[in-house]
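Residues per chain, in single letters:
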Amino acid sequence: MSTFLSRWTGRAEPGENPLPAGDQAQPDPLSAPKRRNQALAWSASPSLERIHRELDEQIRAIEEAKRLLEERLGPFQRHLWEQRRNVDQALKQLEARIKPLRQYLEGQGHNLERVGMHLNTELKDQFDAFEKFLAEQRQILERAQRYLEEQPRPLAQYLEDQQRAIEHIFRELEEKMEPFGRYLKEQQKLLEALAEPRVTEEFDALASFCGERQAALERYAAAAEYRPQALFAELDGIYQKYKAQDVGKSKLLSRVLEQTRQADLRLQEALKPLPREREEVRPPRVEAAS
């Protein structure tokens, strides 16, 4: 069977060791808390929520493509399996019928060898013509042996012809699925770009930055004393820390740092205490008597 067909029939080529069906990785169902957390993450942004819906649609499209492919391939995979099983059975029956003939030829061959050895050692001069007869018998046995060896080949060729015919069907399906496969490869490239170390480090830094800011805000919100200046001092320290780390390496981190910095400054300005309006009571001015 060609390597192409082995992909569709599930039958391994020599040297291949496919995983049993039970050993194949199965997607683990998400727990309810994890689903809730994911839904919360996606709903934080309308655009991300739209992407989430599109990803769900892509998952459904891929599952539908797999279902259609299995539905189309199923009858032909079963056909090839049945063809192979029937040919294997026919070959076993043929071998059973040929076996006595093989044994007969082997016996005749051994007899010729014994007679030939006897002639070569003791009676060669007396039975020179008989040795020619033995040579002819050897040729007959060789032709008979080749004939028996050729008997299974028509069945094997028939099976190969059947597989080649089904291969046209598989190739037609493969051509129809080719655009879908190219689309998935493009999606894979996008995913690989998101998983690049540079991008991963950038998002890790952003997550760490947001985490430190969140911790500072939590301490401020839980404090018994009203000390906004302590909060702004801590936020400024976090800003300076990550700004020193960035030094222009990440445009995204720079934008986030600047945006949060401006938000901190606006809040700090809004929380400044209002100047006290003191009403000074001055005594009436007494002019000196002239």
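The shown structure was predicted, so the numbers you read here are calculated from the model rather than taken from an experiment. (Residues numbered from 1 in each chain as written. Predicted model: local features only at pLDDT ≥ 70, side-chain atom pairs only at ≥ 80, totals over all residues. Heavy atoms only, no water.)

Digging into the overall build of the protein
And step 1. In terms of regular secondary structure, the protein is built from eight helices and zero strands.
And step 2. Going from N to C terminus, the protein has its helices and strands arranged as α-α-α-α-α-α-α-α.
And step 3. Relative to its full complement of 290 residues, the protein shows a buried share of 17%. (Helix = DSSP H or I, 4+ residues; strand = E, 2+ residues; numbered from the N terminus. Buried < 20%, exposed > 50% of the residue type's maximum accessible area, 1.4 Å probe, protein only.)

Quick word on a nonpolar patch on the surface
And step 1. A grouping of Leu48, Ile51 and Leu55 is seen on the molecular surface, where their side chains present a nonpolar patch of about 220 Å² in accessible area.
And step 2. As for its position among the elements, Ile51 is in helix α3 (residues 46–123). (Patch = residues over 30% accessible without salt bridge, like charges linked within 9 Å, V, L, I, M, F, W, Y side chains within 5 Å. Areas by Shrake-Rupley, 256 points an atom, 1.4 Å probe, with all protein chains shown as cover. Salt bridge = Lys/Arg side-chain N within 4 Å of Asp/Glu carboxyl O.)

Considerations on the side chain of Gln83
And step 1. On the secondary structure map, Gln83 appears in helix α3.
And step 2. Those residues in contact with Gln83 that lie beyond four places of it in its chain are Tyr158, Leu159 and Gln162. (Contact = heavy atoms within 4.5 Å.)

What about the nonpolar core?
And step 1. Listed in full, the eleven residues of the largest apolar core are Leu206, Phe209, Ala216, Leu231, Phe232, Leu235, Ile238, Tyr239, Tyr242, Leu253 and Leu257.
And step 2. Within the residue set of this core, elements represented by two or more residues are α6 (197–222), α7 (228–246) and α8 (251–270).
And step 3. It is α7 that contributes the most residues to this core, six residues altogether.
And step 4. What Tyr242 contacts, discounting residues up to four positions off in sequence, is Ala205, Ser208, Phe209, Glu212 and Leu257. (Core = buried A, V, L, I, M, F, W, Y, C linked by side-chain atoms within 4.5 Å.)

Re the packing of α6 against α8
And step 1. Running from N to C, α6 and α8 point in directions that differ by 15 degrees, and their axes come no closer than 10 Å. With respect to α8, the axis of α6 lies roughly parallel. Of the two elements, α6 crosses α8, and the hand of that crossing is right-handed. Residue-level inspection shows Glu202, Phe203, Leu206, Phe209 and Arg213 of α6 in contact with α8, the latter providing Lys251, Leu252, Leu253, Val256, Leu257, Thr260 and Asp264.
And step 2. Residues belonging to the contact of α6 with α8 are distributed by class as follows: seven nonpolar, one polar and four charged. (Axes fitted to C-alpha atoms, helices over the stretch in contact; angles between N-to-C directions. Parallel < 35°, antiparallel > 145°, perpendicular 65-115°, else oblique. Left-handed = near helix turned anticlockwise from the far one by under 90°. Nonpolar A, V, L, I, M, F, W, Y, C, P; charged D, E, K, R; others polar.)

Here's the deal with the pattern of salt bridges
When their charged atoms lie close together, side chains carrying opposite charge are able to pair.
And step 1. Under the criterion given, the structure shown has 15 salt bridges.
And step 2. Linking Arg219 and Glu234 is a salt bridge whose minimum nitrogen-to-oxygen distance equals 2.0 Å. Taken together, the residues Arg219 in helix α6 and Glu234 in helix α7 connect sequence positions 15 residues apart.
And step 3. Judged by relative accessible area, Glu234 falls into the partly exposed class, the value being 29%.

Examining α6
And step 1. Taking 1.5 Å per residue, 26 residues should reach 38 Å; α6 reaches 37 Å between its end C-alpha atoms and fits that length.
And step 2. Of all the residues in α6, the buried ones are Val199, Glu202, Ala205, Leu206, Phe209, Arg213 and Ala216. (Expected span 1.5 Å × (residues − 1).)

Thoughts on the packing of aromatic side chains
And step 1. Counted according to the given criterion, the structure contains one aromatic pair.
And step 2. Aromatic pair Phe209 and Tyr242: ring centres 5.3 Å apart, planes at 70 degrees, arrangement edge-to-face. With Phe209 in helix α6 and Tyr242 in helix α7, this pair connects stretches of sequence that are 33 residues apart. (Phe/Tyr/Trp six-rings, centres within 6.5 Å; stacked < 30°, edge-to-face > 60°.)

Digging into the confidence of the model for the protein
And step 1. Of the residues in the protein, 72% reach a pLDDT of 70 or more, and the chain-wide mean stands at 76.
And step 2. Ranking the elements of the protein by mean pLDDT puts helix α1 (residues 3–9) last, at 43, and α8 first, at 91.
And step 3. Considering only residues more than four positions removed or in separate chains, one finds that residues 1–30, a stretch of pLDDT under 50, has 34 contacts.
And step 4. Residue range residues 277–281 is modelled with pLDDT below 50. Its contacts to residues more than four positions away, or to other chains, number zero contacts. (pLDDT = per-residue confidence, 0-100.)

What to know about the environment of Glu149
And step 1. Secondary-structure assignment places Glu149 in helix α4 (residues 128–150).
And step 2. Residue class for Glu149 comes out partly exposed when judged on its relative accessible area of 41%.
And step 3. Separated by 47 residues in sequence, Glu149 and Arg102 place their C-alpha atoms 9.6 Å apart.

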